[in-house]
Every structure is written in C-alpha cells, then in structure tokens.
Amino acid sequence: AKRALSRWQDILKDKERLAKGEELLDGGDKTLLTSSSTRKYCKDHPFFCMVLESLEVCSIPSVSKPLHFVATFAASKSLGLVLSEKDDDVDNDDTDEGNTLLWKEATKDALPGEVFVKEIVPNSQADQLGIFEIGDRLSGIGELPFIDGGFEKAVEMLQDQPRGTKNVRLHFDRLSVRDNTVIPMTPTDKVEIKIADYG
C-alpha cells in the first residue's frame, strides 16, 4: 500500500510538471521528456497516460462526512443542553447574535423532526464537558438511534431510560463543513478538554 501511495504521488507530480511544460526524466532509458514528446511517452507508458486523462475528465467529489461523538451525562443532574427542532422564528431577545447566526447556519438544511443543540446552559454538565457547539444534531439516545422523531420523541426517549441508570449517553453529529464567515475560527483557552476513555 505504501508503494502504491508513493507511486500515485509521483504520478500526480509528473502530471503537474507535464502541464507546466517541464521536462521529465524517464526512469527506463534516462531520456528527457517534454510536453512535445508526451505522445511517444504515452506509447511506452499507456497506463500512466490513461491515469492522466482520467484525472482531467473525472473529478473526484469531496464528500463531507459529519463528525460523530458520544457524550455521557450523570442521570441525576440536568444535562444543560437546550434541544430544539429547526425554528425559522428565532427569538432574538434572549439569544445573542452570534448564537443566532450559528443556529441558522447549522439548521439551514435540516429535515423535519431532526433535533439540534440550540443552547448550552452555563456551568452545566454539557458546558463542563466543553465539546458541544450550537447546531450539533442529536443522533442517538442510549443505545437507540434517533433520526427524525422530533423534540417530543427525544424527551420521551430520555424519560424512558431505565430507573437504575446512573448515566445517560447521547450521540451527536456535527457537520464538518460550515460557513467560516458565520463561525469565528479563533482559538480559545476557555475550556480544557480531558479525554477520559478511548473507544
């Protein structure tokens, strides 16, 4: 696999150099190749040229996958998350402008019934974990998936946790690509994240 990756990187470099009209050194007979002698090179190395042509014709789309994470909360305390379905009428009186922009950006493509983190209560369990952002989508409660059941179903599933349960696990997804003009990309040392376990 390492040799294949190395060869692929060499092919990409050769493609860039040929496109710029630079000379390539053929490893077999040590002859210099220019863009004008590419045809002869393609006769001797058809696979290489086929790869170059396919790179020009076929674009490889970048697929954005959401970040998935699990948070464990003490069942005896409040979670400290304000969960909500997408709401076009955001109340600006009790929400600051930055949070409103984050909420709109995160829920712009939301489907009916999806539930998101709308706010994080200061000094709560969620705030102390320091991993949540406005717009994180709820994707599971306990060991059960949650896709588009709506806010009422999420509350029902939280209340239906077994009585002796000490902890509640919630699964969340976060879109990995968001509009950087909405989300400030400034680092903060406000929260210290501690990794408690690997899984």
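You'll find the structure just up there.
Described in the following lines is the structure provided in the data block. (Residues numbered from 1 in each chain as written. Predicted model: local features only at pLDDT ≥ 70, side-chain atom pairs only at ≥ 80, totals over all residues. Heavy atoms only, no water.)

**Examining the overall build of the protein**
Condition: Strands here mean DSSP runs of E at least two residues long; helices mean DSSP runs of H or I at least four residues long; both are numbered from the N terminus. Throughout, exposure labels follow a simple rule: accessible area from a 1.4 Å probe, protein chains only, divided by the maximum for the residue type, with under 20% read as buried, over 50% as exposed, and the rest as partly exposed. Contacts are assigned to residue pairs with any non-hydrogen atoms lying within 4.5 Å of each other. Here the open area of atoms and residues is found with the Shrake-Rupley method and a 1.4 Å probe, where only the protein chains shown may cover a residue.
Tallying secondary structure elements over the protein gives six helices and eight strands in all. In sequence order, the secondary structure elements of the protein are arranged as α-β-β-α-α-β-β-α-β-α-β-β-α-β. Relative to its full complement of 199 residues, the protein shows a buried share of 30%. Summarising the internal contacts of the protein: among those between residues at least 6 apart in sequence, 67% fall at separations of at least 24. Total accessible area on the protein is roughly 14500 Å²; 53% of this is exposed by carbon and sulfur atoms.

**What to know about the pattern of salt bridges**
Short version of the rule: One speaks of a salt bridge when a side-chain nitrogen belonging to Lys or Arg is within 4 Å of a carboxyl oxygen belonging to Asp or Glu.
As enumerated under the stated definition, the model contains six salt bridges in all. The partner of E105 in a salt bridge is K108, and the shortest N-O contact between them spans 3.1 Å. Assessed through its relative accessible area of 47%, K108 is described here as partly exposed. Here R137 ties to E114 by a salt bridge, and the two come within 3.9 Å at their closest N and O atoms. Of this pair, R137 sits in strand β6 (residues 137-141) while E114 sits in the loop between α4 (97-106) and β5 (115-120); the two residues are 23 residues apart in sequence, bridging distant segments of the chain.

**A look at the nonpolar core**
Under the convention used in this document: Throughout this description, the term nonpolar core refers to a set of buried Ala, Val, Leu, Ile, Met, Phe, Trp, Tyr and Cys residues connected via side-chain atoms within 4.5 Å.
Core analysis: the biggest nonpolar cluster contains 18 residues, and F73, L81, L83, F132, L138, L170 and F172 have the highest contact counts within it. Beyond its immediate stretch of four places on either side in the chain, F73 contacts L79, L81, Q125, A126, L129, F132, K166, N167, V168 and L170.

**Regarding the side chain of E114**
To keep it simple, the criterion reads: Here a polar contact is taken to be a pair of N or O atoms separated by no more than 3.5 Å, where protein atoms must pair a possible hydrogen donor with a possible acceptor and residues adjacent in sequence count only if both atoms sit in side chains.
For E114, a relative accessible area of 11% gives the class buried. At a separation of 2.9 Å, a polar atom in the side chain of E114 contacts the main-chain amide nitrogen of L111. In this structure, E114 is in contact with S84, E85, K86, R137, I147 and D148, ignoring residues within four places of it in sequence.

Note that every value here comes from positions in space, so none of it alone points to a role or purpose.
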